[in-house]
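Here is how the chains run, residue by residue.
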Amino acid sequence: MDITILGIESSCDDTSAAVLRGGTLLSNVIASQEVHRKYGGVIPELASRAHQQNIIPVVDAAIKEAGIEFRDIDGIAFTRGPGLLGSLMVGVSFTKGLSLALDVPMMEVNHLHGHISAHFIDLPDRKLPHPAFPFLCLLVSGGHSQIVRVEDYDRMEIVGTTIDDAAGEAFDKCGKVMGLPYPSGPVIDRLAAEGDPKRFRFARPSVDGFDYSFSGLKTSFLYFLRDAVHESPDFIENNKADLCASLQAAIIDILLVKLVRAAKYYDIREIAIAGGVSANSGLRRAIVEEGEKRGWKTYLPEFKFTTDNAAMIAMAGYIKYQHSEFASLDVVPVARYSNL
Ligand code: KG4
Ligand code: ZN
């Protein structure tokens, strides 16, 4: 009988539960928290309260949708970090309680490891393409921008990381200045499709090695807008699509330069992307085009596995289950991990 894993994700503002059987996803339920929208960012206290309200209905829905019973669960995977401590605490405490009640082990998952593990999931009606080891994964989310060299399901190393903002943060912060709702990444993606990416040119950083920096771009964007709005108060409104397209082009350029450099250095042509920003249509297109030029095999995650979800946590937990790597009952959430 295949192993059945329940996955729980509560690191930021999405409460999610998923059921995975033998690497195949049976259900993946996500409750996004609308409560933060009016504040233009995630408010930690409101997030943990919403997780508390959502977690039981979300888990129930995941079990029902999967067509299983609680007694069918062999192990529970949960996000231990990185993330908001109060939010993580809800998932960790829930997992402990359910693990005791069902008498099944629990597996702690690093959220970033989870994003990468999304590439190993299969769907009931079709197998998805899985990158061959070793591969490079560009992991771009609201809190992280990294290049990860993945040697095996559970062996991976960060070879480049941001020294300041993450790519998603660059989208969100610049979007906020333009008066766009949070999270701005998907909105900029949509608006950029109508704009000219060459109309404005914003700063590209020069950082050594495979590390990233987005704060220079953010600053150049802010100063440019400040001056432009000073001249003409309607500037943003009248140029929104071009601003979005040019900003997005800059972020993609910055991401690709280092990815190409790392792929050359490590001589790896299996290239994947993961994390919330990997939903960006411009980035997806650019990676595929770059791959065609350079002989890469590129792997784009299904949209539902790009932003935070419990399917990826269940997958990472399934690998741990197979190695009997179980968490003890005194496990506590962590805001940060020092490595993967
Ligand atoms: O992985 P994720 O859901 O949460 C974290 O672990 O941080 O990533 C959220 C980030 C946000 O910054 C959001 O603006 C960005 O992903 N994002 C996008 C798109 N969809 C989500 N950025 C650009 N284009 C998108 N289509
Ligand atoms: Zn994430």
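Let me sum up the structure you'll find in this document. What you see is a predicted model; the values in this text were computed from it and never measured.

What follows covers the site of ligand 1. Taken together, 18 residues surround ligand 1, and among them Gly-142, Asp-172, Asp-189, Gly-276 and Asn-280 come closest. Here Asp-189 contributes a side-chain N or O atom positioned 2.9 Å from a nitrogen atom of ligand 1. The separation between an oxygen atom of ligand 1 and a polar main-chain atom of Gly-276 is 3.0 Å. When ligand 1 sits alone it has 560 Å² of accessible area, and the protein chains cover 89% of it. Every element with two or more residues in the shell around ligand 1 is listed here: α3 (111–117), α4 (167–177) and α5 (185–192). Of the residues in the shell around ligand 1, the class split is 5 nonpolar, 10 polar and 3 charged.

Let's shift gears to the pattern of salt bridges. Applying the stated criterion across every chain yields a total of 15 salt bridges. Residue Glu-302 pairs with Arg-126 through a salt bridge whose shortest N-O separation is 3.2 Å. Linking Glu-302 in the loop between β10 (297–299) and α9 (310–322) with Arg-126 in the loop between α3 and β6 (135–140), this pair joins segments that are 176 residues apart in sequence. As a salt-bridge pair, Arg-294 and Glu-290 come within 2.7 Å of each other at their nearest N and O atoms.

With that out of the way, let us pick up the pairing of strand β4 (residues 75–81). Among the 7 residues in β4, 7 count as buried, and that is most of the element. Relative to β4, strand β1 (residues 4–9) runs parallel, the two being bridged by 4 bridges. Looking at the pairing, Leu-6 lines up with Ile-76 of β4. Summarising the sheet, β4 and strand β5 (residues 106–110) pair through 5 bridges and their orientation is parallel. Along β5, the bridge assignment pairs Thr-79 with Val-109. For the crossover from β4 across helix α2 (residues 85–102) to β5, the handedness is right-handed.

Donor atoms from the polypeptide that bind the zinc ion (ligand 2) are His-111 (NE2), His-115 (NE2) and Asp-308 (OD), placed at 2.0 to 2.1 Å. Taken in sequence order, the residues that donate to the zinc ion (ligand 2) follow the motif H-x3-H-x192-D. One end of the pair is His-111 and the other is His-115, both in helix α3 and 4 residues apart, which spans about a single turn.

Attention now goes to the packing of aromatic side chains. Inspection of every chain in the model, using the stated rule, returns 16 aromatic pairs. When the centroid spacing of 5.0 Å and the interplanar angle of 70° are considered together, the rings of Phe-202 and Phe-221 count as edge-to-face. Of the two residues, Phe-202 is situated in the loop between α5 and α6 (215–231) and Phe-221 in helix α6; the sequence distance between them amounts to 19 residues. Note on Phe-202: relative accessible area 3%, which makes it buried. With a centroid separation of 4.8 Å and 85° between ring planes, the pair formed by Tyr-265 and Tyr-266 is classed as edge-to-face. Overall, the relative accessible area of 61% leaves Tyr-265 in the exposed class. Judged by relative accessible area, Tyr-266 falls into the partly exposed class, the value being 22%. Ring-pair connections join several aromatic residues into one group, and the members of that group are Phe-200, Phe-202, Phe-221, Phe-224 and Phe-235. Across from the ring centre of Phe-303, 4.1 Å away, lies the NZ or CZ of Arg-284, which sits over that ring. Sitting over the ring of Phe-305, Lys-304 keeps its end group 5.3 Å from the ring centre.

About the criteria used
Residues numbered from 1 in each chain as written. Chains lettered and ligands numbered in written order. Predicted model: local features only at pLDDT ≥ 70, side-chain atom pairs only at ≥ 80, totals over all residues. Heavy atoms only, no water. Near = heavy atom within 4 Å. Polar contact = N/O pair within 3.5 Å; in protein donor to acceptor, adjacent residues only side chain to side chain. Areas by Shrake-Rupley, 256 points an atom, 1.4 Å probe, with all protein chains shown as cover. Helix = DSSP H or I, 4+ residues; strand = E, 2+ residues; numbered from the N terminus. Nonpolar A, V, L, I, M, F, W, Y, C, P; charged D, E, K, R; others polar. Salt bridge = Lys/Arg side-chain N within 4 Å of Asp/Glu carboxyl O. Buried < 20%, exposed > 50% of the residue type's maximum accessible area, 1.4 Å probe, protein only. Pairing = 2+ DSSP bridges. Right-handed = clockwise from strand over helix to strand, strands pointing away. Donors = N, O, S within 2.8 Å, 3.2 Å for Na, K, Ca; no water. Phe/Tyr/Trp six-rings, centres within 6.5 Å; stacked < 30°, edge-to-face > 60°. Lys NZ or Arg CZ within 6 Å of the ring centre and 35° of its normal.

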